[in-house]
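Each chain, letter by letter, is given below.
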Amino acid sequence: MLRLGPALLARLARLAPLRRWGAAAAGGGEEQERFVFLEYEPDPAERAAAAALRRELKPKPRRGRGAAAAVPSLSDPSVPPSGVSCSGCGAELQCGDGGAPGFVPAEKYRSLLSEGPAALRGAVCQRCWALAHHGSALRLRLPPDRHRRVLSAALRRPPRHGRGPLLLYVLDVMELPDPVLPQLPALLGPDVPAAGVLVVGNKVDLLPADCRGHLGRLRQRVAEACARAGLRGAALVDIRLVSAKTGFGVEGLVSRLQRSWKCAGDVYLLGATNSGKSTLFNTLLRSDYCKSRAPDIIDRATVSPWPGTTLNLLKFPIINPTCDRIFRRQERLKQEATKPEDQLSSEEKKHLNQLKKQGYVVGRVGRTFQQQKSCSEIDFDPDMLSYSMDEDPRDPPKKHEEREEFTHNEVKDARWCFDTPGIVKEDCGEKPAWFSVLASNLLPVHVTTLSNADAVYEKHTAQEFLKVPMGGEERMKEFPPLVPQDITLKGIDTTEAVADIKLSSAGWVAVTAHAEEELLLRAYTPKGTALVVREPPLLPYISSIRGARIPGTPAYRTKKPPSFVEDLRTMGSR
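Since we're looking at a predicted model, the values are computed, not measured.

On to helix H8 (residues 214-228), then. For H8, which comprises 15 residues, the first-to-last C-alpha distance of 21 Å matches the rise-based estimate of 21 Å (1.5 Å per residue) to within 8%. The complete set of buried residues in H8 reads His214, Leu218, Val222, Ala225 and Cys226. Mapping the buried residues of H8 onto a view down its axis gives an arc of 125°, with all of them on the same face. Just beyond H8, the residue with positive phi is glycine 230, at close to 85°.

Given below as structure tokens:
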């Protein structure tokens, strides 16, 4: 009897299938959801025209033959992509394909184009709008490795300013051991000109203090995880613990970056999906790490609990930490450190109390070099306020608010901080395993969950359902109990089994897994019988011999390979 241990179940989205003569994982088709873009509010003239169009399209009683008019579609494939990125996720804005990233309904898209390039640069796609305002994620047609390809291409860019980028690896401390950290050395590779990695342990606000020094102990755990992943020495710049949501440790992170990295090159935020990269990006955007005008020009990244929210690169320019700026910043931090809580403004107290409810550790992130906004002049036109008794009051025309833009001198030689798409946690349900059972056709194979395995065995032992052991209740009184044996295997390839688990004389199970995928298995056999792990397997490619998928189950039908007769010519090719 083979059962999967809890460590393996944590890696698989569902129970890995037990089957005869091989099996493979199945994928379901993604259904496309429709969404009405709620942001768009047409002006009165457009609203009247739309109402007239609806009246024309309203079905009328049929008196004879006729065709119904079609409602205009939300998409328009004839309009080319904009070349402008969504300010929330980084995808290119377009209205041609509703299932592709960066989609904006055609009517809203044309409205933005009519307002000028600045309006389109500040827009968000339909997906980001749904995430931010409704908490729902629209389905997109994305290649499975899109996020990794975008990240890999960004990291392999030629070095700017004569030095490679600094990588800020954002690690979710709740996910220790981090599933992506061991993949980091392979992802970087020798062709990535990175200057170093600074590991940021995020979400420390979710961990209560069980004793004094719990953050130091947590930092040590992160350091051990980095060492196991091969990240040590000069490649590891530092380890910082922060909470991007409550601001804890962010000011220290900014000071560390400005003291050591200064403005030597670009900075990339990378890490697993849902590790808090976009939240940290938004927090740094409201800190002393960005140029003073950046928060007024660059929109915040879309943040949601759904994995894979960011689809492309987002960026803001890094401020040059001159000696004067570092001094002014340190003076502000000293002043804020000595300020008691009762001297905070009412808005600061309210915000601080909200953060206290959300996390166990809280910090305040301020700005030293905040851009001072000049008071706008009020245009006074007395003719607009005067009207005769025969005239109706006239509303002044609404002025279109101009969107701020960076000047050429501000960005011509700037260093940027990039938010990158999240790396999918491939060992948390993304990669299945294959179990091929080779035994007699008279021996049934049943797939059940780990929690139900004991109940199924006790209920159906010595009965027709399980076939073995045989002999009825009398024999079961003397039948030895089942004893477990833990097995650890590392996959070779999806087409080649790594080992056979031989279950005494009943047969064996060939185990196939993705390359370098570690499997933790637990097999049960009657006490006194032998359980052997056979490496290499007897039939390494047995998983390719399988029938059709059995609907509603993780198993596949058996498939008998064609027989070979010695010394006999067969028709066709084998």
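The next point concerns the side chain of histidine 214. Relative to the elements of secondary structure, histidine 214 occurs in helix H8. Residue contacts for histidine 214: discarding those within four places in its chain leaves Leu207, Pro208 and Ala209.

According to the stated counting rule, one finds 16 salt bridges in the structure shown. Close ionic contact of arginine 256 with aspartate 238 constitutes a salt bridge, the shortest N to O distance being 2.8 Å. You can see arginine 256 sitting in helix H9 (residues 250-261) and its partner aspartate 238 sitting in strand S5 (residues 236-241), a full 18 residues away along the chain. In this structure arginine 256 comes out as buried when scored by relative accessible area, which is 16%.

A separate point is the nonpolar core. With 34 residues, the main nonpolar core has Tyr169, Leu181, Leu184, Val197, Val199, Cys226 and Leu231 as its most contacted residues. Contributing elements (two or more residues each) for this core: helix H6 (146-155), strand S3 (166-172), helix H7 (184-188), strand S4 (196-202), H8, S5, strand S6 (267-271) and strand S8 (416-419). It is H8 that provides the largest number of residues to this core, a total of four residues. Beyond its immediate sequence surroundings of up to four residues, valine 199 is in contact with Tyr169, Leu171, Val222, Cys226, Leu231, Leu236, Asp238, Ile239 and Arg240. Judged by nonpolar contacts, the second largest core, of 30 residues, contains Trp261, Ala264, Val267 and Leu285.

Residue position: threonine 553 is located in the segment after strand S14 (531-534). Residues threonine 553 and valine 447 lie 106 residues apart in sequence; the distance between their C-alpha atoms is 8.7 Å.

Across the chain, the average pLDDT comes to 76, with 75% of residues at or above 70. Least confident of the elements in the chain is helix H1 (residues 6-9), whose mean pLDDT is 36; most confident is helix H10 (residues 277-285), at 92. Note on residues 1-43: pLDDT under 50 across the span, and 144 contacts to partners over four residues away in sequence or across chains. Across residues 56-73 the pLDDT falls below 50, and counting only partners more than four positions away or on other chains, this stretch makes five contacts in the model.

Criteria and cut-off values
- Residues numbered from 1 in each chain as written.
- Predicted model: local features only at pLDDT ≥ 70, side-chain atom pairs only at ≥ 80, totals over all residues.
- Heavy atoms only, no water.
- Helix = DSSP H or I, 4+ residues; strand = E, 2+ residues; numbered from the N terminus.
- Expected span 1.5 Å × (residues − 1).
- Buried < 20%, exposed > 50% of the residue type's maximum accessible area, 1.4 Å probe, protein only.
- Arc of directions from axis to C-beta.
- Contact = heavy atoms within 4.5 Å.
- Salt bridge = Lys/Arg side-chain N within 4 Å of Asp/Glu carboxyl O.
- Core = buried A, V, L, I, M, F, W, Y, C linked by side-chain atoms within 4.5 Å.
- pLDDT = per-residue confidence, 0-100.

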